[in-house]
Amino acid sequence: MTQSTHTVEKIGGTSMSRLDELIGTLFQRDDPTKIYNRMFVVSAFGGITDLLLEHKKSGEAGVYARFANDEDDHGWLDALSGVAKGMREAHGAVLGNPADLSDADDFVRDRVEGARNCLIDLQRLCSYGHFRLSQHMMLTRELLSGLGEAHSAYVATLALRRAGINARFVDLSGWRDEREMTLDERIHDGLDDVDVTEELPIVTGYAQCREGLMAEFDRGYSEVTFSRIAALTGAHEAIIHKEFHLSSADPKLVKGKVRKLGHTNYDVADQLSNMGMEAIHPKAAKTLRQADVALRVTNAFEPHDPGTLIDDQPAGTPGAEIVTGLEAHALELFEQDMVGVKGYDAKILELLTRHGIRIVSKTSNANTITHYVDAPLRELRKVERDLNKVYPSAELTIQPLAIAAVIGRDLSGLNVLGEGLKALAEDGVEVLAAHQTTRSVDVQFVVPRESLAASIGALHGALLPAAEVAELKPKKKAA
């Protein structure tokens, strides 16, 4: 079903929770002939995946964590009932027709009760000595993840059909499907008989496959599915719809004086991912880049705005494009005997990898190696414990801080490091460290956590001249 004129588009969970608004702004068109030739890949409604797995920010246990760790059944069973309640509340807020509400309620009942029975059977099986629950936990995580996307896709299909759009529910979650498929096979199986000229496929962001998306991508799986669909179907363009424009900074931190990027490239997208501000998952970006499919990031609630195009083209002229930042920790190992000895860095990296710690940046000198990492302190304490065993005479410190970054396709010749240090000094910000590579796509400034907002504001003001910056006023949510 390869077709060069269609687009593959993704909607995140927060936007899906405003599905009733999206029907008028995104799905319906002023020109009815432009409704089709599009595919939509959807995430679960906002908050549902947190209930199914664990809260993305706080780490509060959901069904998955309770099933793995609870000493009795009540914790995960109650949590699963909470998921069903959350799903009903989510579709109750966006569906207005009683028949649609009834269908959605039946769908939730079937999927949640099916999952409940499956997990009870798994517990019963693992009560025998030959089976271990730990061996099945990743598959359990996959099963639970798929519930959220299947629900949102089904509800979106109901709502669109009610609005007179020929929507089609495409379930890639593998529910009650005994076949074993690769990701590509699963996508082809779900989409092969879809006619995008007359149907609007609403596709689950989770796809069950032999590779196991959760094992490698965890909660970034929906963008991997989205990018793979775009590549396999030869999409004209891949589009991600967010609730905001991809702009030069967070408007709240620079008094609203920001500009929409408009055009950037995948190098910048990768740097944004590294700073925890994902325009798209880096593996998904790689898939699109290799397939020569451009990515567009738009505001879902401003349908006539073209948003920001991301492709593989270099900048016409050097310039800073975005200033962002994140809170992090510095994990610093000092060892006097390190000078001239190899292997210290490799061992630290091995332990960070083992504990799933994400590295943002790193520096080293003769006897010190510092990794700037994006991870909770409790996880870093585990790394600290293991490093102390390996290097008992080393001094190991963990310091909370923040990193502000200036990013652009081409920063060459702009003296971003010097101008940034000057701007931060004038704003009274203490710079703990600064990093710049010869690639000339980003410069990082390590600052105290309490100075992050001020740092972003100072850097934005200094490196994105006011004459080039327009005010982007965020749209108010419709009543």
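Scroll up to find the structure.
Note that the structure is a prediction, hence the values are computed from the model and not measured. (Residues numbered from 1 in each chain as written. Predicted model: local features only at pLDDT ≥ 70, side-chain atom pairs only at ≥ 80, totals over all residues. Heavy atoms only, no water.)

So, on to the packing of helix 11 (residues 266-274) against helix 12 (residues 282-290). At a closest axis distance of 10 Å, the pairing of helix 11 and helix 12 adopts a crossing angle of 170°. If you check the angle between helix 11 and helix 12, you find them roughly antiparallel. Each of Y266, D267, D270 and S273 in helix 11 lies in contact with helix 12, whose residues at this interface are P282, A285, L288 and R289. Partitioning the contact of helix 11 with helix 12 into residue classes produces four nonpolar, one polar and three charged. (Axes fitted to C-alpha atoms, helices over the stretch in contact; angles between N-to-C directions. Helix = DSSP H or I, 4+ residues; strand = E, 2+ residues; numbered from the N terminus. Parallel < 35°, antiparallel > 145°, perpendicular 65-115°, else oblique. Contact = heavy atoms within 4.5 Å. Nonpolar A, V, L, I, M, F, W, Y, C, P; charged D, E, K, R; others polar.)

Burial analysis of helix 11 places eight of its nine residues in the buried class, the great majority of the element. Every buried residue of helix 11 is accounted for by Y266, D267, V268, A269, Q271, L272, S273 and N274. Capping the start of helix 11, N265 holds a side-chain oxygen 3.2 Å from the backbone nitrogen of D267, two or three residues further along. (Buried < 20%, exposed > 50% of the residue type's maximum accessible area, 1.4 Å probe, protein only. Polar contact = N/O pair within 3.5 Å; in protein donor to acceptor, adjacent residues only side chain to side chain.)

The next subject is the pattern of salt bridges. Following the criterion strictly, the structure yields 32 salt bridges and no others. We note a salt bridge from D305 to K260, for which the minimum N-O separation is 2.7 Å. One end of the pair, D305, is in the loop between strand 7 (295-299) and strand 8 (308-311); the other, K260, is in the loop between strand 5 (237-242) and strand 6 (263-265), with 45 residues separating them in the sequence. Overall, D305 belongs to the partly exposed group, its relative accessible area being 23%. (Salt bridge = Lys/Arg side-chain N within 4 Å of Asp/Glu carboxyl O.)

Each pair of aromatic rings is reported with the distance of its centres and the angle of its planes. Taken as a whole and assessed by the stated rule, the structure comprises seven aromatic pairs. Aromatic side chains Y154 and F169 sit 5.5 Å apart centroid to centroid with 80° between the ring planes, which places their arrangement in the edge-to-face category. Taken as a pair, Y154 in helix 7 (residues 137-162) and F169 in strand 3 (residues 167-170) lie far apart in primary sequence, 15 residues in all. The class of Y154 is partly exposed, set by a relative accessible area of 21%. Owing to a relative accessible area of 22%, F169 belongs among the partly exposed residues under this scheme. Summarising the aromatic geometry, the rings of Y206 and Y221 are spaced 5.6 Å apart at their centres and angled 90° between planes, so their arrangement reads as edge-to-face. Residue Y206 is found in the loop between strand 4 (200-204) and helix 9 (213-217), and its partner Y221 is found in helix 10 (residues 221-232); the two are separated by 15 residues along the sequence. Of the two residues examined, Y206 and Y221, each falls in the buried class. Positioned above the aromatic ring of F301 is the side chain of R18, whose terminal nitrogen or guanidinium carbon lies 3.7 Å from the ring centre. Positioned over the ring face of Y64 is R141, at 4.8 Å from the centre of the ring. (Phe/Tyr/Trp six-rings, centres within 6.5 Å; stacked < 30°, edge-to-face > 60°. Lys NZ or Arg CZ within 6 Å of the ring centre and 35° of its normal.)

Further remarks concern the layout of surface pockets. Empty space within the second largest pocket amounts to approximately 730 Å³. Contributing to the lining of the second largest pocket are 27 residues, with C118, L139, L143, G174 and Q208 lying nearest its centre. Among the secondary structure elements, those contributing two or more residues to the lining of the second largest pocket are helix 6 (98-125) and helix 7. Tallied by class, the residues present in the lining of the second largest pocket amount to 11 nonpolar, eight polar and eight charged. (1 Å grid on protein atoms, 1.4 Å probe; cavity = no way out; pocket = protein on both sides within 12 Å on 5 of 7 lines; lining within 4 Å. Points joined across faces, edges and corners; volume = space filled by probe spheres on them.)

Strand order in the open sheet formed by eight strands is 3-4-2-1-5-7-8-6, and the pairing between neighbours is mixed. Edge positions in the sheet fall to strand 3 and strand 6, since each has one partner strand and no second. Averaged over all pairs of adjacent strands, the angle between their axes in this sheet comes to 25°, without regard to strand direction. Inspection of the sheet shows strand 1 (residues 7-11) paired to strand 5 by five bridges, in the parallel sense. Directly across from V8, in strand 5, lies its bridge partner A238. (Pairing = 2+ DSSP bridges.)

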